[in-house]
Amino acid sequence: MKFGVCAPLEEAAFLKDAGYDYIELTVVSLMPEKSDEECGEILRRAAASPLPAEAFNVFLPGDLKITGPEVDEGRVERYLRSSLRRVADLGGRVVVFGSGGARRVPDGFPQERAWEQLRGFLHKAADCAEEFGLVLAIEPLNTKECNIINSVSEAVRLSEEVNRPSVKVLADMFHMVVDGEPLESVTVAGSRLAHVHVADTDRLYPGSGRNDFRAFFRALKSIGYDARVSIECRWGDFNAEAPKALEFLKEQWASA
Ligand code: LER
Ligand code: MN
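The structure presented is a predicted model; accordingly, all values stated were derived computationally and were not measured. (Residues numbered from 1 in each chain as written. Chains lettered and ligands numbered in written order. Predicted model: local features only at pLDDT ≥ 70, side-chain atom pairs only at ≥ 80, totals over all residues. Heavy atoms only, no water.)

### Examining the sheet that holds strand β1 (residues 2-6)
Pairing within the closed barrel is parallel, and its eight strands lie in the order β1-β2-β3-β4-β5-β6-β7-β8. Along the sheet, successive strands turn relative to each other by an average axial angle of 30 degrees, direction set aside. Where strand β4 (residues 94-97) and strand β5 (residues 135-138) come together, four bridges link them in parallel fashion. Bridge pairing links V94 to V135 in β5. Sheet strands touched by helix α10 (residues 238-255): β1, β7 (193-198) and β8 (228-231). Its angle to β1, the strand with the most contacts, is close to 145 degrees. (Pairing = 2+ DSSP bridges. Helix = DSSP H or I, 4+ residues; strand = E, 2+ residues; numbered from the N terminus. Axes fitted to C-alpha atoms, helices over the stretch in contact; angles between N-to-C directions. Contact = heavy atoms within 4.5 Å.)

What follows is the structure, encoded as structure tokens:
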């Protein structure tokens, strides 16, 4: 199992020294709507990251709507091509489709139509992802954070309906705990599970609270999941907590 952290590029050297395997950067930090020339420095620095950037979250900016009456298809298509090309150029493997602002269904808009729009969006995204050799992981967000795709089981259903090899599912322990989703959903996701986010109670660092990591990891092991686990949490003293969190995760994984 590879362990990583959702963190800005500036933390890559520290995380490497602490023993992490990769860093999870944000797609939006690659400024996909700006030209390669305008982003030259950012892209050069990301390419020189001391730790491989194998995963990327925060896929779409909140104002790039993909549901509702005001979807700008041209802008979405340009964004997909530019962002996924940059992720692939940097050696990324998996892109997290949470993007709660972009996918949030506007009040009064029919949920079924929004679901249909998400299927269309994922087909377009899959066209690029497959061209660039990337995997997309549909991320369920808890019901306080978004009003569509709130559980791993819904993400699995969407992934099944889209039925493209690049469109898979993410399980974020924080969102599952907030909404009380059973671990059985992870088991049911099986080979569709492509990425994992973890945090402890109150979304603090692993090992600081009461979440049952061993049980969660047991569910991952039962389906043969052996890709990546990223910590996505709020840190207090990052330099003290990040090494402790890795030690904790490794111990929990080994004993699960
Ligand atoms: C993104 O991966 C996520 O889990 C959201 O809650 C944004 O913080
Ligand atoms: Mn997450």
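### Quick word on the packing of helix α3 (residues 73-89) against helix α5 (residues 111-132)
Look at α3 against α5: their axes get within 9 Å of each other, and the N-to-C directions meet at 30 degrees. In terms of orientation, α3 and α5 fall into the roughly parallel class. As for how α3 packs across α5, the hand of that crossing is right-handed. Contact with α3, carried on its side by E73, V76, E77, L80, R81, L84, R85 and A88, involves F121, K124, A125, C128, A129, E131 and F132 of α5 and no other residues of that element. For the contact of α3 with α5, the class distribution of residues is nine nonpolar, no polar and six charged. (Parallel < 35°, antiparallel > 145°, perpendicular 65-115°, else oblique. Left-handed = near helix turned anticlockwise from the far one by under 90°. Nonpolar A, V, L, I, M, F, W, Y, C, P; charged D, E, K, R; others polar.)

### Quick word on the coordination of the manganese ion (ligand 2)
At 2.1 to 2.2 Å from the manganese ion (ligand 2) lie its protein donor atoms, namely E139 (OE), D172 (OD), H197 (ND1) and E232 (OE). Between the six donor atoms coordinating the manganese ion (ligand 2), the angles at the centre fall across 71 to 177 degrees, so the site counts as octahedral. Spacing between the donor residues of the manganese ion (ligand 2) along their common chain follows E-x32-D-x24-H-x34-E. Note that E139 is positioned in the loop between β5 and α6 (152-162) and D172 in strand β6 (residues 167-172), a separation of 33 residues in sequence. (Donors = N, O, S within 2.8 Å, 3.2 Å for Na, K, Ca; no water. Tetrahedral: all angles 85-135°; square planar, octahedral: opposite > 155°, others 65-115°.)

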